[in-house]
Amino acid sequence: MTLGTQRRVHPLTHLTGAASSAVRPVLESARAPARVLAAVSMGVYLEVRTELEPSVIALIAGEATRLPNSVLLAGELPHVSVGDEAAVGNGVIELGRYRVKPRRWWDPSPALPTVDLVRLAQATSALSPQTTRRPGLEGNAAITLLASGCAAGSLLRAVTAAEQLVGLGPGLTPSGDDVLAGLLVALRHLGTAAKVERAVWLADWLAAAVTFDAGTRTTPISATLLHCAARGEASPEVSAVLRGITGQQALEPALRRLLQLGHTSGADLAQGVRIGLDSVLALGARP
């Protein structure tokens, strides 16, 4: 081979970061092929060909939202394009000339203290709609049915509404999915904190219903986030609101930060959390 036809070999670039424990099963399993699903200014989303969840892993940097399926890199994002091939497994992510190995782990599930219903009820006024950031599906009949069904502990009504909401709305995370994600996390964690077993039971069944065929009804990124929410995993912004509701930190600043997410994603998540809070209070008041 002549000098003019030799192929230039780029040195391997090693990246480190902090990964959500939610992605640990996928990262530590056998090596599986993946591809770049989306590449934006603050995140690269990899779709892994695996039966495990989360099947989408987000590589993020800087001030990007720390999704429960993400790896926060210590340096800059890899320079890649949609469709580029990758591999995930054996503890690393391989993406072109980049090799990502997490050095630290963080837990995307909020740890809440035991709390009584009186304390939870005090948070309802702060979560009342009083902002210009309105939910994307405000006034939608399925949202109304979801709220009433959950508050009544009616699995039939709640699941019927949830099935109408999966994948409903535009964007990488449709509004309907964001509402359901906020609801699932709130039901599970607030129900556990307040010892309202009916709320946790409802979260289990709703989680099974919305994740059953989410992969065929919504975007891959949103389907993965629904699977995370089904296990009680959320972004720090959602977790902070839940901690504010239970009195661990100031609620209103946490709510303002949540509402800033995306075009309507933050408002949609907050709407789901409010439905979950109202449901825990209603179910906890029943004999």
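Relevant structure appears above.
Keep in mind that this is a model prediction, so the values were computed, not measured.

1. Points about the pattern of salt bridges
Consideration 1: Taken as a whole, this structure holds eight salt bridges when the rule is applied.
Consideration 2: One salt bridge connects R134 with E138, and the closest N-O pair in it is separated by 2.6 Å.
Consideration 3: For R274, the salt bridge goes to D278, with nearest N and O atoms at 2.9 Å. Of the two residues, R274 and D278 both sit in helix α11 (residues 265-285), four residues apart, roughly one turn of that helix.
Consideration 4: We classify D278 as partly exposed; its relative accessible area is 30%.

2. A few points about the packing of helix α10 (residues 251-259) against α11
Any two packed helices are characterised by the angle at which their axes cross and by the distance between the axes.
Consideration 1: Two elements in contact, α10 and α11, have axes whose closest approach is 7 Å; the angle formed by their N-to-C orientations is 130°. Between α10 and α11, the angle falls in the class oblique. For the pair α10 and α11, the contacting residues are L255, L258 and L259 in the first and G266, A267, L269 and A270 in the second.
Consideration 2: For the contact of α10 with α11, the per-class residue count stands at six nonpolar, one polar and no charged.

3. Remarks on the sheet that holds strand β1 (residues 13-20)
Consideration 1: Judged by pairing direction, the barrel is mixed, and its eight strands sit side by side in the order β1-β5-β4-β3-β2-β6-β7-β8 before closing back on the first. Strand after strand, the sheet turns through a mean of 30° between neighbouring axes, direction not considered.
Consideration 2: Lying over the sheet, helix α8 (residues 220-230) contacts β2 (32-40), β3 (43-48) and β4 (56-60), oriented at roughly 100° with respect to β4.

The rules behind these values
Residues numbered from 1 in each chain as written. Predicted model: local features only at pLDDT ≥ 70, side-chain atom pairs only at ≥ 80, totals over all residues. Heavy atoms only, no water. Salt bridge = Lys/Arg side-chain N within 4 Å of Asp/Glu carboxyl O. Helix = DSSP H or I, 4+ residues; strand = E, 2+ residues; numbered from the N terminus. Buried < 20%, exposed > 50% of the residue type's maximum accessible area, 1.4 Å probe, protein only. Axes fitted to C-alpha atoms, helices over the stretch in contact; angles between N-to-C directions. Parallel < 35°, antiparallel > 145°, perpendicular 65-115°, else oblique. Contact = heavy atoms within 4.5 Å. Nonpolar A, V, L, I, M, F, W, Y, C, P; charged D, E, K, R; others polar. Pairing = 2+ DSSP bridges.

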